[in-house]
Each structure stands twice: as C-alpha cells, then as structure tokens.
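# Examining the three-dimensional arrangement
Here is how the chains run, residue by residue.
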Amino acid sequence: MSRQRSMEAILASEHVSIGELVRITGSRYSTLKHYTEEGMLPFEQAEENLTRRYRREETVARIIWIKELKANGLSIPQIKEAIDAL
C-alpha cells in the first residue's frame, strides 16, 4: 500500500493521480474514471508503471467546468460536444 502525499505536496505538483484529483475536487473516483474513459479528461501515461498522470491545474479546471455544465442540465454527450469544440 502506498503512502498518500500531503495536500500541500499535491497542490505543488504539476501532475496528479486520479485519487489525488478525487481529494482536490471532492468528486467520486468512479465519476472521474468515467470522464477519463469518455475522453473528457486528458492524461499522460508513464511507460514504466502504466500510471495515468493528469496535469493538475488544467484537469481541476476542466472538472469544475464539467460540474457547472452538469448543474446547468447538460448531458454527458452535450458536455463532450462542448469539450470537443474547444
């Protein structure tokens, strides 16, 4: 079992894991995994251990935007269209 990084270390890091995104955004792991699988959250994958790494600032901003769009009644397909239009 790996030791969790402190919130201070996470917020100072350029890249974070999906678990750390859960801690930062208060989103559910399954939700972020779904967004990743739908192509809504871009990530980099390290070759050596196949861990997905997300750019912290960009990804947190995108999660906040997705939450706002959902709160405004948009469906996942509609949100994907908005993201693709960027």
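Residues numbered from 1 in each chain as written. Predicted model: local features only at pLDDT ≥ 70, side-chain atom pairs only at ≥ 80, totals over all residues. Heavy atoms only, no water.

Further remarks concern the nonpolar core. Leu21, Leu32, Tyr35, Met40, Leu41 and Ile66 are the most contacted members of the largest nonpolar core, which has 16 residues in total. Taken together, the elements giving at least two residues each to this core come down to helix H2 (18–25), helix H3 (29–37), helix H4 (56–71) and helix H5 (76–84). Per-element accounting of this core gives the leading share, four residues, to H4. Every residue in contact with methionine 40, bar those within four places of it in the chain, is listed here: Tyr35, Arg62, Ile66, Ile76, Ile79, Lys80 and Ile83. (Core = buried A, V, L, I, M, F, W, Y, C linked by side-chain atoms within 4.5 Å. Buried < 20%, exposed > 50% of the residue type's maximum accessible area, 1.4 Å probe, protein only. Helix = DSSP H or I, 4+ residues; strand = E, 2+ residues; numbered from the N terminus. Contact = heavy atoms within 4.5 Å.)

Here we take up the UniProt feature "domain: HTH merR-type" (unreviewed entry) in the chain. According to UniProt, the positions carrying the feature "domain: HTH merR-type" (unreviewed entry) are residues 15–85. Between the first and last C-alpha atoms of residues 15–85 the distance is 25 Å; the span itself is 59% helix and 11% strand. (UniProt positions renumbered as here; feature names shortened; annotations may be inferred.)

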